[in-house]
Amino acid sequence: MDDPHTASAVDMAPQTAAGKVLWHFTMSLDGFVAGPGHTMDWMTGFSFRPGLVEEYAATTGAVLGGRDGWDAFPDAGAVYGGAWQGPLFVLTHHPEDAPPAPGVTFLNCDAADAVRIALEAAGGKNVEVFSPTIGRQLLDRGLIDEIDLHIAPVLLGDGIRLYDHPGGAPVRLERLDGIGRTAAVDVRYRPLATDPSQPVR
């Protein structure tokens, strides 16, 4: 029998390295991909499908992020807990005041140009976009191939949303897991009295 803590309701096909542009995040149930100030301390105590990190690390050729996220976590070696190594591009309006970092290139250009540069560097593998702002810009231009989300069982209530576009038109999506192009995703949770990420005293 599958472990209920690691089995997903619908197993998606493994990610492939096909030169795609992926907007990829773990996201809270209420749509946040980081806490206030880009904090990530909420991302503990969750289980993921076995091999998930290795799957994405193996299929990713380059990473494209934004300056706010980089300033909050300026460590290229921390991508996928150190399981991934490769070119990391940070899109910023002020590359001149960014401290140099090994493996990191600071770009001051249009988001479309940045993703083109990252795709060339990815060598046929995927480019992962780790920025809500850049992802939205690329989505508006039709340059996102897939949105890969891992929905964590937590409500943050505040922070950085995956997609924040007040006044914008709805963006329709289709499912890629074979269930049905327009099928809603069903999830069922109950509130916990204690935080499972905290040690038992």
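In the block above lies the structure referred to throughout.
Quick summary incoming for the structure in this document.

What counts, and where the lines are drawn
Residues numbered from 1 in each chain as written. Predicted model: local features only at pLDDT ≥ 70, side-chain atom pairs only at ≥ 80, totals over all residues. Heavy atoms only, no water. Helix = DSSP H or I, 4+ residues; strand = E, 2+ residues; numbered from the N terminus. Rg over C-alpha atoms; globule rule 2.2 N^0.38 Å. Buried < 20%, exposed > 50% of the residue type's maximum accessible area, 1.4 Å probe, protein only. Contact = heavy atoms within 4.5 Å. Areas by Shrake-Rupley, 256 points an atom, 1.4 Å probe, with all protein chains shown as cover. Lys, Arg positive; Asp, Glu negative; His and termini not counted. Charge placed at Lys NZ, Arg CZ, Asp CG, Glu CD. Pairing = 2+ DSSP bridges. Axes fitted to C-alpha atoms, helices over the stretch in contact; angles between N-to-C directions. Core = buried A, V, L, I, M, F, W, Y, C linked by side-chain atoms within 4.5 Å. Salt bridge = Lys/Arg side-chain N within 4 Å of Asp/Glu carboxyl O. Polar contact = N/O pair within 3.5 Å; in protein donor to acceptor, adjacent residues only side chain to side chain. Expected span 1.5 Å × (residues − 1).

## Structural notes on the overall build of the protein
Okay, so step 1: Secondary structure summary: the protein contains four helices and eight strands in total.
Okay, so step 2: For the protein, the α and β elements follow one another from N to C terminus as β-β-α-β-α-β-β-α-β-α-β-β.
Okay, so step 3: Against the compact-globule benchmark of 17 Å for 201 residues, the protein has a radius of gyration of 17 Å, which places it among compact chains.
Okay, so step 4: Dimensions of the protein, computed from the C-alpha atoms along their principal axes, are close to 50 × 45 × 40 Å.
Okay, so step 5: Every one of the 201 residues in the protein was classed for burial, and the buried ones make up 33%.
Okay, so step 6: When contacts within the protein are restricted to residue pairs at least 6 apart in sequence, those whose partners lie at least 24 apart make up 76%.
Okay, so step 7: Summing over all exposed atoms, the protein offers an accessible surface of approximately 12200 Å²; the carbon and sulfur share of this is 55%.
Okay, so step 8: Side-chain charges in the protein split into 14 positive and 26 negative, and the spacing between the mean points of these groups amounts to 5 Å.

## A word on the sheet that holds strand β3 (residues 60–66)
Okay, so step 1: Taken in spatial order, the six strands of this open sheet run β5-β4-β3-β6-β1-β7, and their pairing is parallel. In this open sheet, the two strands that pair with only one neighbour each are β5 (104–107) and β7 (146–152). Taking each pair of neighbouring strands and ignoring which way they run, the sheet shows an average axis angle of 25°.
Okay, so step 2: Taken together, the three bridges between strand β1 (residues 21–28) and strand β6 (residues 126–130) define a ladder with parallel strand orientation.

## Description of the nonpolar core
Okay, so step 1: Among the nonpolar cores identified, the biggest contains 22 residues, and Trp23, Leu64, Val129, Leu138 and Ile144 are the most heavily contacted of them.
Okay, so step 2: Elements with a minimum of two residues in this core: β1, β3, β4 (88–91), α3 (111–122), β6 and α4 (132–140).
Okay, so step 3: The greatest single-element share of this core, amounting to five residues, is contributed by α3.
Okay, so step 4: Residues in contact with Val129, not counting those within four places in the same chain, are Val21, Leu22, Trp23, His24, Phe25, Leu64, Ile134, Gly135, Leu138 and Ile144.
Okay, so step 5: Within the second largest apolar cluster, 15 residues are counted, among which are Tyr56, Trp70, Ala76 and Leu88.

## Things to note about the pattern of salt bridges
Okay, so step 1: Applying the stated criterion across every chain, the model contains nine salt bridges.
Okay, so step 2: With a shortest N-O distance of 3.0 Å, Glu55 and Arg49 are connected by a salt bridge.
Okay, so step 3: Its relative accessible area of 13% is what places Glu55 among the buried residues.
Okay, so step 4: By relative accessible area, which is 25% here, Arg49 ends up partly exposed.

## Some thoughts on the side chain of Glu128
Okay, so step 1: As for its position among the elements, Glu128 is in strand β6.
Okay, so step 2: Within the buried set, Glu128 has no salt-bridge partner at all; the shortest N-O distance to an opposite charge, 9.7 Å, is to Lys20.
Okay, so step 3: A polar contact of 2.6 Å, which involves the side chain of Glu128, links it to the side chain of His24.

## Quick word on α3
Okay, so step 1: The terminal C-alpha atoms of α3, which comprises twelve residues, lie 16 Å apart, in line with the 16 Å expected from a rise of 1.5 Å per residue.
Okay, so step 2: Capping of α3 at its N-terminal end is provided by Asp110; its side-chain oxygen lies 2.9 Å from the backbone amide nitrogen of Ala112.
Okay, so step 3: Positive phi appears at Gly123, one or two residues downstream of α3, with a value of about 60°.

## Observations regarding the environment of Asp68
Okay, so step 1: Its place among the elements puts Asp68 in helix α2 (residues 67–72).
Okay, so step 2: Judged by relative accessible area, which is 54%, Asp68 ranks as exposed.
Okay, so step 3: For the pair Asp68 and Thr92, spaced 24 residues apart in sequence, the C-alpha separation works out to 8.7 Å.

As far as function goes, none of this settles anything; it's purely spatial.
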